[in-house]
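Structural overview for review
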Amino acid sequence: MPKVLVVEDNRSLAAMAKVMIETRLGLQVVLAGSGAEARGLIEADSEGFAVALVDLNLPDAPDGEVVPFVQSHDIPVVVLTGYFGDAIREKMLKLGVVDYVVKKNISAYEYACRLVERIHHNYRTKVLVVDDSRSAVANLKHYLSIQRLNVLTASNGIEALGVLEQHPDIRLVITDYNMPEMDGFELIQQLRSRFAKNQMAIIGLSSSADPRLSAHFLKSGANDFISKPFSYEELLCRVNQNLEYLEQIDLIRDAANRDYLTKLYNRRYFFEQGESVKRQALRQDRPLSLSMIDIDHFKSINDTYGHSTGDEALKHVAGLLNESFPDDLVARFGGEEFCIMHRRDEGESQQQLENFREKVANSPLPSDSKIRVTVSIGLNGCCDQGLDDIIHLADTKLYQAKEQGRNRLIV
Ligand SMILES: Nc1nc2c(ncn2[C@@H]2O[C@H](COP(=O)(O)OP(=O)(O)OP(=O)(O)O)[C@@H](O)[C@H]2O)c(=O)[nH]1
């Protein structure tokens, strides 16, 4: 699990930051009460810290001396300071800290917590910078790298489209307006024909004094616009805002696609995705198979131990499904019934499903070692029938498994 280092001599503030980061972000926090302790922890730690929150004024490092040391170990730093002035701001930005937070009240810690989350996500977020000026690209790359974003570059629109072919998971494009070959507007139009606004953010960039430019960028499909020259902080805020917006949309989309209790995909998503997995497999001539899985005598679990134990059993089986079929499309179809689209043929799936069936039968519920459940399974190959028909065939086999005594697989 990624770790966060909090360097703070005030114990209650340190404890508050720890609770906030651990409960909200699920990241592990390591506390250091002094500069010396921070140095010791960093030197002793081989895995490294994803980010550090560093108090500027420590008894043994009263003037931010810890900051360069932390940075020299390639750890991004968010500075916490009780006092704020232009001199400190200049000094910290020159050092290349991610941001500085004035410790005025709890909202300062909430902001710091959001920055930690942002950096944590940025490690796996790709940004494309498109500008024909090498110095502008270098400057942006430097600023974005401070925030731990993965920066790709292109010097015009045509080159940018090529980079996107290689990296379709780019989440943010920052593009200049005036470029040879293909300018910023044409690039945005091309991008918008492939990526919707809630899939990829685009920030337009220009040094032109023409006031119509920002509106033109936004009308072309950009999410935002920055005038050159800009400060590091303006860039930070705009980039963060746009990425946060995309991630909120991802969360909403994900919540709509998943079952609330087990967090597996729901039936609607299974049908939506299943069709495209099927089409892709057909195109690439790869095998597929489909299984229906049902927990045996589930009603009696509810009746004997109560509904919450029934819920726990569902989550338990869902956990084993995730563990056993990490590459497949797994969904809760409703009640105590699950469906898997396996990216392999019947023979291979049969072996995997037998292992899974045995694992379920041998794994008691975490809360009570006396309670175990079993599952019945129907498995069918995926040929050129429709998804409904394949599900129906697997379902028929599942009922045969029930009729033949349960806790078994019928192919
Ligand atoms: N706890 C809990 N129970 C659920 C949930 N959804 C459905 N159920 C219960 O699951 C039970 C399914 O029972 P049945 O369809 O009779 O099947 P069964 O008892 O598993 O019997 P067989 O399938 O024939 O082995 C019903 O009692 C539902 O109320 C849920 O989200 N949580």
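For clarity, every value in this text was computed on a predicted model and none was experimentally measured.

Some words on the domain arrangement of the protein
In terms of domain boundaries, the protein breaks down into domain 1 (3–119), domain 2 (124–254) and domain 3 (267–410). One C-alpha centre belongs to domain 2, the other to domain 3, and the line joining them spans 43 Å.

Quick look at the packing of helix H13 (residues 307–324) against helix H14 (residues 346–362)
Interaxial distance between H13 and H14 falls to 11 Å at its minimum, and their mutual angle equals 145°. Regarding H13 and H14, the two cross each other, and that crossing is right-handed. The segment H13 lies against H14, with Val317, Leu320, Leu321, Glu323 and Ser324 engaging Gln352, Phe356, Lys359 and Val360.

Topic: helix H1 (residues 11–25)
The end-to-end C-alpha distance of H1 is 21 Å, a good match for the 21 Å that 15 residues give at a rise of 1.5 Å each. For H1, the full list of buried residues reads Ala14, Ala17, Met20, Ile21 and Leu25. Relative to the axis of H1, the buried residues are bounded by an arc of 130° and lie together on one face. Turned more than 90 degrees off the buried face of H1, the exposed positions are Arg11, Ser12, Val19 and Thr23. Looking one or two residues past H1, glycine 26 carries a phi angle of roughly 70°, positive in sign.

Criteria and thresholds
Residues numbered from 1 in each chain as written. Predicted model: local features only at pLDDT ≥ 70, side-chain atom pairs only at ≥ 80, totals over all residues. Heavy atoms only, no water. Domains from an automatic or database assignment. Axes fitted to C-alpha atoms, helices over the stretch in contact; angles between N-to-C directions. Helix = DSSP H or I, 4+ residues; strand = E, 2+ residues; numbered from the N terminus. Left-handed = near helix turned anticlockwise from the far one by under 90°. Contact = heavy atoms within 4.5 Å. Expected span 1.5 Å × (residues − 1). Buried < 20%, exposed > 50% of the residue type's maximum accessible area, 1.4 Å probe, protein only. Arc of directions from axis to C-beta.

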